[in-house]
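One-letter residues, chain by chain:
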Amino acid sequence: MARTPRTTILHHLVLTLCILGGQNTPSLASTAEIDEFLGCLSADIPTRLIQTPSTPSYSALLLSTAWNLRYILPDTSNPLGIIAATEHAHVQTTVRCGRRHGVRVRVRSGGHDYEGLSYASVHLHKHNEPFAVLDLAALRAIHVDPARAEAWVESGATLGELYYAVGAASCSLGFPAGSCPTVGIGGHLSGGGFGSLARKYGLSADNVLDAVVVDANGRLMNRSAMGEDLFWAIRGGGGESFGVVLSWKVRLVPVPETVTVFSIIRSRNQSAIELITKWQEVAPVLPQDLYLRVLVLNQQANFQALFLGRCGDLHRLMQDRFPELGMTEQNCREVSWVQSTVFFGFSTTSVPLVQLLNRSSNPRYYLKVKSDHVQEPIPRDVWESIWTAWLEKPEAALLMLDPYGGLMSSISPSETPFPHRQGNLYQLQYYSFWYENGTAVAEKRMSWVRGLYKEMEPYVSKNPRAVYVNYRDLDLGTNELDGNVTSYEKARVSWGDKYFKGNFKKLAAVKTMVDPHDFFRNEQSIPPLPAAKMIP
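Now for a look at the structure at hand.

Conventions used here
- Every chain begins its residue count from 1, and numbering advances along the sequence as written.
- The predicted nature of this model means local features are confined to residues of pLDDT at least 70 and side-chain atom pairs, given and counted, to a pLDDT of 80 or more, with totals for whole chains, interfaces and linings taken over all residues.
- Excluded from the side-chain calculations are hydrogens and water; all other atoms, namely the structure's heavy atoms, are used.
- By the criteria applied, helices consist of DSSP H or I runs no shorter than four residues and strands consist of E runs no shorter than two, each listed in order from the N terminus.
- Throughout, exposure labels follow a simple rule: accessible area from a 1.4 Å probe, protein chains only, divided by the maximum for the residue type, with under 20% read as buried, over 50% as exposed, and the rest as partly exposed.
- In this description, contact between two residues means that some pair of their heavy atoms is separated by no more than 4.5 Å.
- Surface exposure here means Shrake-Rupley accessible area, sampled with a 1.4 Å probe, where a residue is shielded only by the protein chains that are shown.
- The charge count includes Lys and Arg as positive and Asp and Glu as negative, but it does not include His or the ends of the chains.
- Where a charge sits is defined by one atom per residue type, namely NZ (Lys), CZ (Arg), CG (Asp) or CD (Glu).
- By definition, a salt bridge exists where a carboxyl oxygen of Asp or Glu is found within 4 Å of a side-chain nitrogen of Lys or Arg.
- A pair of strands is considered paired only if DSSP assigns at least 2 bridges between the two.

## Regarding the overall build of the chain
- When helices and strands are counted, the chain shows 16 helices and 20 strands.
- Projecting the C-alpha coordinates of the chain onto the three principal axes gives extents of approximately 65 × 55 × 55 Å.
- Here the chain holds 536 residues, and 58% of them are scored as buried.
- Across the chain, contacts joining residues at least 24 apart in sequence account for 76% of those joining residues at least 6 apart.
- About 20300 Å² of surface is accessible on the chain, with carbon and sulfur atoms providing 51% of the total.
- With 51 positive and 50 negative side-chain charges, the chain shows a separation of 2 Å between the mean positions of the two kinds.

Below you can see the structure in the form of C-alpha cells.
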C-alpha cells in the first residue's frame, strides 16, 4: 500500500484546521431543528423511506436488525428517525441535512455491533445529542467478476449473501470473512473482519482494493478521491468514525474445489482440558491451509476445523501434529468452500446453501461479550481452575478460541489499523447470551462474563490488554466531550490503545483531516487529534 509521508499528513491537518477553524460545529438540535431536519430529508428522499417514532413502521424497522436486546430497553436512546436508503444520493442527503440541522448520523448495515451503537445510544444521550440511523439493508448489490477474482459488494449485504454469490460464480474462489452469515459487510470490513481463512489470506480488510465513501460534507469518493490515508483508516479503524462506506471492492482468493471440515467434541472426562492446553501450542503453528478453533459450551470443547484440501491429507496432518485429539477420517466431511461457510454459520453441513440468504436466521437475545489476545500458553492448572470455577456454573455461556499465526503473523501491525498480528497465539472471546428478560437474570449473566474476564487478566496480553474493535466492549470506557468534540486523550487511555495500539494516533489524525468537527461520533468513535498532538 502506498504510504503518505508524515509531513504530508501534517500539512493536510494544518490546512484543514486553517480552512475550517473559523466554522462552528452545529449546536445541539432543538425540536424545531429536528423538524427542519426531517423536512430537509423529505425534499429529496421519498417519505416512505423515512420512519419516525410516530410512523407505523418505525418499531419494526428499528427491530429488523437489532440483534442485541440489551439495547432495546427504556434506558437507551433510540433514533429520532430511520432512513432506509435505497440510493447513494439518499445517504448524501441524510449526511448533509444532519450537518445542517445538528442531527448526527449512525450507520447500520447488519446490526451486529456487540454494543448496539449502530442503532441505539447508551451514554452520549446524556449530552442530549439527537441522532438518526441510516439503514443500509437495501444497499446490498453484489457483482462478482470471477475472471478478475474480484467483487464489488455494497455495505448492506450480509456475509452470507456475499458467500452465496461467490459460490454461485466460481467453485474455486472464496473470500476471507467471519462465520456468522447475517453480519453486515459494512461493519465487518470496516473493523477488520476475522474468519476461518485469516491464517491463509489475512483479514477481510487486508483484501479490500477500493471503496466508495460519503464523507462528512456529503461528497461521494472512491479510493483515488479519498486518498490513501482515509482508505487506510476505513479498513480496520471503524468506518463509522470517518463517513459512510457504501460499497467495497474486494479481492477474491483461490480455494480448492473440495475442502474438508470437521467437528470433534470432547468433554472433561475425555481430556478436554488437556486438549485445550495442547491446542494453544499447536493451532497457531499449523500450516496456513488449516484453521482449527475451539468452542467451549455446555462443559464441552468443540474442535472445529477448515482444511483447504482433502480428508486424507488432513488426517495425516492431524496424526502428525495433534494426535491427542484422536481425529479419524470418519470425522471428516468433504464439501465445497461455500458449504464450509454453512458449516461455520450453522454448525452443520446439512443446511441448504440458500439459508445463507436468510437475513433473519439469527435469534434475538441479550448479549454481552468481552475479548482478549493470548500471547503465551495458559497453563493446564489455570484451565482446570477456570473450568471448575467458571465453566461449570449454571450461568456459564461460551468461550471461543480463534488461532492466529500463518499470514496474520507476517503482516505489519501498521499495514491497516488492526494491529493484532505477530506475537499473538489466539484471540479469546467470553460470550454470554440469554433469552430471559429481567434485571436479576441480566446481572447474573453480566457478572459471569465480567468476572471471568477479570480472572483471566494475568494470562492475556498486557500494556495494553488488547481487544479487537469488532468485539466492541463499552466496559473499556466511552467518549467524553472536550468542548464540541470528543476527547482524544480520554479515548486513548480508556479504549483507543486497547483496540488500535500505536495506530490510534494516526486514526485520530485522519479523523482531523476528514471530519474535524466530529460529526460522525458515537460512544467509541475515533476523536479528532488536538492541534497540540499534531507535531511529533
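Once the structure has been displayed, the description carries forward.
## Comments concerning the pattern of salt bridges
- For the coordinates displayed, the defined rule picks out 34 salt bridges.
- A salt bridge links Glu-392 to Arg-268, with the nearest nitrogen and oxygen atoms 2.6 Å apart. Here Arg-268 lies in the loop between strand 12 (259-267) and helix 10 (272-282) and Glu-392 lies in the loop between helix 13 (380-391) and strand 17 (398-403), a separation of 124 residues in the sequence.
- Note on Glu-392: relative accessible area 35%, which makes it partly exposed.
- Linking Glu-334 and Arg-310 is a salt bridge whose minimum nitrogen-to-oxygen distance equals 3.0 Å. Of this pair, Glu-334 sits in strand 15 (residues 333-335) while Arg-310 sits in the loop between strand 14 (300-307) and helix 11 (311-321); the two residues are 24 residues apart in sequence, bridging distant segments of the chain.

## Comments concerning the pairing of strand 8 (residues 208-214)
- Within strand 8, six of the seven residues are buried, leaving the element largely enclosed by the surrounding structure.
- Strand direction decides the pairing type here: strand 8 and strand 10 (residues 244-251), joined by six bridges, are antiparallel. If you follow Val-214 over to strand 10, its bridge partner there is Val-244.
- Bridging between strand 8 and strand 9 (residues 220-221) involves two bridges; their strand directions are antiparallel. Paired with Val-214 across the two strands is Leu-220, which belongs to strand 9.
- As consecutive antiparallel partners, strand 8 and strand 9 are separated by five residues, and within that stretch Gly-218 has a phi angle of approximately 85°, a positive value.

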